[in-house]
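Next come the chains, spelled out residue by residue.
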Amino acid sequence: MGDYSAVYIVIPAYNEEDNIEQCVNDWYPVVEKHGGGGNSRLVIINDGSNDNTYDIMQKLAEARPLFIPLTKDNGGHGSTVLFGYRYAIRHGADFIFQTDSDGQTNPAEFEAFWEKRNEFDAILGNRIVRGDGKSRKFIENTVCLLLKIIFDVRVEDANAPFRLMKTALVSKYIDLLPRNFNIPNIMFTTYFVRFHEKVEFIPISFKPRQGGTNSINARKIIKIGMRAVKDFYKLKKEMPEYD
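Let us look at the structure shown here. Only a predicted model underlies this, so the values are computations on that prediction, with no experimental measurement involved. (Residues numbered from 1 in each chain as written. Predicted model: local features only at pLDDT ≥ 70, side-chain atom pairs only at ≥ 80, totals over all residues. Heavy atoms only, no water.)

**A few points about the pattern of salt bridges**
Defined as follows: By definition, a salt bridge exists where a carboxyl oxygen of Asp or Glu is found within 4 Å of a side-chain nitrogen of Lys or Arg. In this description a helix means any DSSP run of H or I spanning at least four residues, a strand means any run of E spanning at least two, and both kinds are numbered starting from the N terminus. Remark: exposure states derive from per-residue accessible area (1.4 Å probe, protein chains only) relative to the maximum for the residue type, with buried under 20%, exposed over 50%, and partly exposed in between.
Counting across every chain of the model gives 9 salt bridges. One salt bridge in this structure joins Arg-127 and Glu-140, with 3.3 Å as the shortest N-O distance. Highlighted residues: Arg-127 in the loop between β5 (122-126) and α5 (134-151) and Glu-140 in helix α5, separated in sequence by 13 residues. For Arg-127, a relative accessible area of 4% puts it in the buried group. Looking at Glu-140, the relative accessible area reads 6%, which means it is buried. Each of the salt bridges in this network shares a partner with another, and the network as a whole consists of Arg-127, Glu-140 and Asp-157.

Here's what the structure looks like:
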């Protein structure tokens with residue numbers, strides 16, 4: 001008997017006209033292979049791009065019935081990820097896999113995650129070597145230090161955009177976050193570890209951006225960081241005692 005578990009691959013996209021066709025070509029075969037009886041989907045959400053990203057997505061979807069191109073007003077990476085998670089929940093996904101559209105992750109590494117889907121409730125990537133530069137690694141290290149201080153959660157990589165999660169687990173925690181929270185994956189990782197969910201971290205490769213321009217600059221990073229500290233303390237105060 002075949003495996004009829006439906007996986008929704010959720011990918012946010014903003015001004016990715018240089019990358020989006022390769023992204024679809026990379027990830028569409030994964031949902032074809034793990035079709036869930038025809039119920040798996042590649043869901044890419046255009047986050048209010050001002051280039052041709054969404055037009056290209058729509059054209060690519062014409063010959064790919066498992067590809068769902070969505071669009072929304074610009075709200076940032078985090079709100080777009082949450083938009084995709086809620087879409088997957090509403091449409092009956094058994095598993096949600098999230099990655100990004102800039103070509104930094106490797107679809108071939110999905111299989112190692114999928115093989116462990118029945119052993120763990122969440123399998124998260126760990127970017128031991130980062131191709132996006134030392135500054136990004138420094139930021140991640142700082143985030144992990146804050147999680148240790150504020151939440152008593154110890155992880156090496158809290159925000160890797162390469163994560164396979166049971167939909168039931170995402171549903172359990174998603175309403176603890178503000179609707180358009182800007183760094184949801186960090187908090188999902190925090191909740192999973194803090195409340196002793198069955199979670200596994202697997203090393204992944206992480207390449208430099210394959211095209212286009214990163215929309216996050218130093219000023220935005222500082223602003224996001226200052227907001228994150230405030231949000232972390234607020235969420236810690238509101239955190240339920242599941243222990």
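From this point, the discussion proceeds with the structure in view.
**A word on the nonpolar core**
To keep it simple, the criterion reads: What we call a nonpolar core is a set of buried Ala, Val, Leu, Ile, Met, Phe, Trp, Tyr and Cys residues that are connected through their side-chain atoms within 4.5 Å. Two residues form a contact once any of their heavy atoms are found within 4.5 Å.
Counting residues in hydrophobic clusters, the biggest one holds 42 residues, and the most contacted among them are Tyr-85, Phe-188 and Phe-232. Look past the residues within four positions of Phe-188 in its chain and what remains in contact with it is Leu-82, Tyr-85, Arg-163, Val-170, Tyr-173, Ile-174 and Leu-177. In terms of nonpolar packing, the next biggest core, distinct from the first, is built from 29 residues, Val-31, Met-57, Phe-95 and Trp-114 among them.

**Side note on helix α6 (residues 167-174)**
Let me state the cut-off plainly: Our arc is simply the arc of the directions from the helix axis toward the C-beta atoms.
The complete set of buried residues in α6 reads Thr-167, Leu-169, Val-170, Tyr-173 and Ile-174. Across the axial projection of α6, the buried residues extend over an arc of 160°, all falling on one side.

**With respect to the pairing of strand β6 (residues 162-166)**
Successive residues of a regular strand alternate their side chains across the two faces of the sheet. To be explicit about the condition: Between any two strands, at least two bridges found by DSSP are needed for them to pair.
Of all 5 residues in β6, 4 are buried; the element is thus mostly enclosed. With 5 bridges joining them, strand β4 (residues 95-99) and β6 adopt antiparallel strand pairing. Looking at β6, one finds that Thr-99 is bridged to Phe-162.

**Some words on the packing of helix α3 (residues 77-90) against helix α7 (residues 184-194)**
Condition: Axis geometry follows a simple rule: fit a line to the C-alpha atoms, using only the stretch in contact for helices, then measure angles between N-to-C directions, giving values from 0 to 180 degrees.
Where α3 meets α7, the closest approach of the two axes is 9 Å, and the angle between their N-to-C directions is 60°. Facing α3, whose interface residues are Gly-78, Val-81, Leu-82 and Tyr-85, α7 presents Pro-184, Asn-185 and Phe-188.

**Some details on the side chain of Asp-231**
Within the element layout of this structure, Asp-231 appears in helix α8 (residues 218-238). With sequence-adjacent residues up to four places away left out, Asp-231 is seen in contact with Phe-181 and Asn-182.

**Observations concerning a nonpolar patch on the surface**
Rules: Each patch is built from residues that are more than 30% exposed by relative accessible area and take part in no salt bridge. Like charges join if they lie within 9 Å; nonpolar side chains (Val, Leu, Ile, Met, Phe, Trp, Tyr) join within 5 Å. The accessible surface values rely on the Shrake-Rupley method and a 1.4 Å probe; as for residues, cover is taken only from the protein chains in view.
On the surface, Leu-145, Ile-149 and Tyr-233 cluster together to form a nonpolar patch covering roughly 330 Å² of accessible area. By the secondary structure assignment, Ile-149 is in helix α5. Under the relative-accessibility criterion, Ile-149 is labelled exposed at 56%.

**A look at the environment of Ile-204**
Note that Ile-204 resides in the loop between β7 (199-203) and α8. Put simply, Ile-204 and Arg-130 are 74 residues apart on the chain and 9.4 Å apart in space, counted from C-alpha to C-alpha. Residues contacting Ile-204, with those up to four places away along its chain left out, are Glu-109, Phe-113, Gly-125, Asn-126, Arg-127, Ile-128 and Phe-162.

In short, geometric facts, not functional conclusions.
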